[in-house]
Amino acid sequence: MATLSVVSVHSPVNRRALRQFLRNPAGIAGLIILLLTVAMAVIAPWLFPGDPLDMVASPLLAPFTDPAWPLGTDAMGRDLAAGIFHGARVSLLIGLGATLIGLLLGSLVGSLSGYFGGSVDYLLMRITTLFQTMPAFLLVIIILAISTPTVTLITLSIGATTWPTIARLVRAEFRTLRGSDFVLAARCQGFSSAHIIFREMLPNALPAIVVTSSVMVASAILMEAALSFLGLGDPNVVSWGFLIGSGREMLRTAWYLTAEPGVALVITLLGLNLLGDALNDAFNPRLSDQ
């Protein structure tokens, strides 16, 4: 039975993928970086209670000059350590939320387009092309410029502009898979199109989706930082982009205002890319155990 053959390989495939991942030091490093970033976001309210935008000390305290403010303060006397920890919450929330929206929309459009083909494929790909002709960052700026920027709106805006990449990727994978033996066997057994798409074909497209998802999270975090840098972020929250933007006019006299949140941003993006590459290698069925 086609269903039994698919289920029977899940356990050894998962074990092989886990072994492959644990052998990849870059992937382990990326996972550790991501876990540390998540830990920063989780403990931020307990480690730095209160509003990170509050003025709590003298302005422009250099790092490591006062134990109470180890990373220094900005031009308004706000604690940079509190801003960086709370900024991790905003970056991860927007990055993961926007990616989830993009994955749901893109996977749905791409799977329907690649599976059915014909007029369905033509219509969905024309819609996808229409979205791709508009610069994603410019479209997000327009959406935020005509409304009040909030974390929810920023997340929805970024997610709504990043799905075409996943849609085309999933479509290509489905066009390759729809002639496979396991798909033909499932059709012969009378399985519905929904079952074949989501239970048989979509799991086989996961390796490509996984590595692209990590890039999408990184891109969403960068886009949010750029929006905050331009003053289009949520004014009620602090983010890494906001911190970088607030210190750009004092690069020569107070370099740490942009360097500290910039380093946090770069390290997080590095971890996401390392993790994505390692997961792609681990779940790639063409790789054999060595």
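Scroll up to find the structure.
Structural notes, computed from the coordinates. Quantities reported herein were computed from a predicted structural model and do not represent experimental measurements.

Reading the values: rules and limits
- Along each chain, residues carry numbers from 1 onward, in the same order as the chain's sequence is written.
- Under the rules for a predicted model, residues below a pLDDT of 70 receive no local features and side-chain atom pairs below 80 are neither given nor counted, while totals for whole chains, interfaces and linings still include all residues.
- Based on all heavy atoms of the structure, the side-chain values leave hydrogens and waters out of the count.
- Definition of nonpolar core: a set of buried residues of the types Ala, Val, Leu, Ile, Met, Phe, Trp, Tyr and Cys, connected through side-chain atoms within 4.5 Å.
- Note on classification: 1.4 Å probe, protein chains only; a residue is buried when its accessible area is under 20% of the maximum for its type, exposed when over 50%, partly exposed between these limits.
- Numbering of helices and strands starts at the N terminus; helices are DSSP runs of H or I of at least 4 residues and strands are runs of E of at least 2.
- Here a pair means two rings of Phe, Tyr or Trp (six-membered ring of Trp) with centres within 6.5 Å. Their orientation is stacked below 30 degrees between planes, edge-to-face above 60, and tilted elsewhere.
- The criterion for a charge sitting over a ring is simple: Lys NZ or Arg CZ within 6 Å of the ring centre, and within 35 degrees of the ring normal.
- Each salt bridge in this description consists of a side-chain nitrogen of Lys or Arg and a carboxyl oxygen of Asp or Glu lying within 4 Å of one another.
- For helices, the fitted line uses only the C-alpha atoms of the stretch in contact; every axis is such a line through C-alpha atoms, and the angle between N-to-C directions lies from 0 to 180 degrees.
- Note: crossing handedness is left-handed where the near helix turns anticlockwise from the far helix by less than a right angle, and right-handed where it turns clockwise.
- Following the grouping adopted for this structure description, the nonpolar residues are Ala, Val, Leu, Ile, Met, Phe, Trp, Tyr, Cys and Pro, the charged ones are Asp, Glu, Lys and Arg, and the polar ones are all others, Gly among them.
- Helix span is expected to be 1.5 Å times the residue number reduced by one.
- At every residue, the bend is computed as the angle between two fitted axes, covering the seven residues ending there and the seven beginning there respectively.
- Under this definition, polar contacts are N or O atom pairs within 3.5 Å; protein pairs additionally need one hydrogen-donor-capable and one acceptor-capable atom, and for neighbouring residues in sequence, both atoms have to be side-chain atoms.
- A patch consists of residues whose relative accessible area exceeds 30% and which take part in no salt bridge; residues with like charges are grouped when within 9 Å of each other, and nonpolar side chains (Val, Leu, Ile, Met, Phe, Trp, Tyr) when within 5 Å.
- For the accessible areas, the method is Shrake-Rupley and the probe is 1.4 Å, while residue cover comes only from the protein chains on display.

What follows is about the nonpolar core. Counting 33 residues, the largest nonpolar core has Ile-84, Ile-221, Trp-240, Leu-243, Leu-257, Leu-265 and Leu-272 as its most contacted members. For this core, the secondary-structure elements that each account for two or more residues are α2 (10-22), α3 (25-47), α4 (80-116), α10 (206-229), α11 (240-246) and α12 (256-283). Counting residues per element, this core draws most heavily on α12, which supplies 9 residues.

Here the focus is the environment of Leu-112. Tracing the chain through its elements places Leu-112 in helix α4. Leu-112 gets classed as partly exposed once you look at its relative accessible area, which sits at 28%.

Counted under the stated rule, the structure contains 4 aromatic pairs. Between Tyr-115 and Phe-116, the aromatic rings sit 4.9 Å apart at their centres with planes inclined by 90°, giving edge-to-face as the arrangement. Relative accessible area serves as the criterion here: at 9%, Tyr-115 is assigned to the buried category. Here Arg-126 stacks its cationic end above the ring of Tyr-122, 4.8 Å away from the centre of that ring. We note Arg-248 situated over the ring of Phe-229; from NZ or CZ to the ring centre the distance is 4.8 Å.

According to the stated counting rule, one finds 3 salt bridges in the structure shown. Ionic pairing is found between Asp-121 and Arg-171, a salt bridge with its closest N-O pair at 2.6 Å. Placement of the pair is Asp-121 in helix α5 (residues 118-133) and Arg-171 in helix α7 (residues 151-177), with a sequence separation of 50 residues. The salt bridge involving Arg-175 is made with Asp-121; its shortest N-O contact spans 3.8 Å. Of this pair, Arg-175 sits in helix α7 while Asp-121 sits in helix α5, and the two are 54 residues apart along the sequence. Counted as one network, the salt bridges with shared partners bring together Asp-121, Arg-171 and Arg-175.

Following both chains from N to C, one finds α4 and α7 inclined at 35°, their axes separated by 5 Å at the closest point. As for how α4 packs across α7, the hand of that crossing is right-handed. In terms of residue class, the contact of α4 with α7 is made up of 18 nonpolar, 11 polar and 2 charged.

Time to look at α3. The terminal C-alpha atoms of α3, which comprises 23 residues, lie 31 Å apart, in line with the 33 Å expected from a rise of 1.5 Å per residue. Maximum bend of α3: about 30°, positioned at Ala-41, with proline Pro-45 one to four residues after it. Here α3 has its buried residues at Gly-27, Gly-30, Ile-33, Leu-34, Thr-37, Met-40, Ala-41 and Ala-44. N-capping of α3 is provided by Asn-24, with a side-chain oxygen placed 3.1 Å from the backbone N of Ala-26.

Here we come to a nonpolar patch on the surface. Together, Val-38, Val-42, Ile-43, Trp-46 and Leu-47 line one region of the surface with nonpolar side chains, adding up to about 500 Å² of accessible area. With respect to the secondary-structure elements, Val-42 resides in helix α3. What makes Val-42 partly exposed here is its relative accessible area of 46%.

What follows deals with unusual backbone geometry. You will see that Leu-60, though not glycine, has its phi angle at about 55°, which is positive. Mapped onto the fold, Leu-60 is located in the loop between α3 and α4. Its identity is not glycine, yet Phe-64 carries a phi of approximately 65°, on the positive side. Mapped onto the secondary structure, Phe-64 falls in the loop between α3 and α4. With a relative accessible area of 71%, Phe-64 lands in the exposed category.

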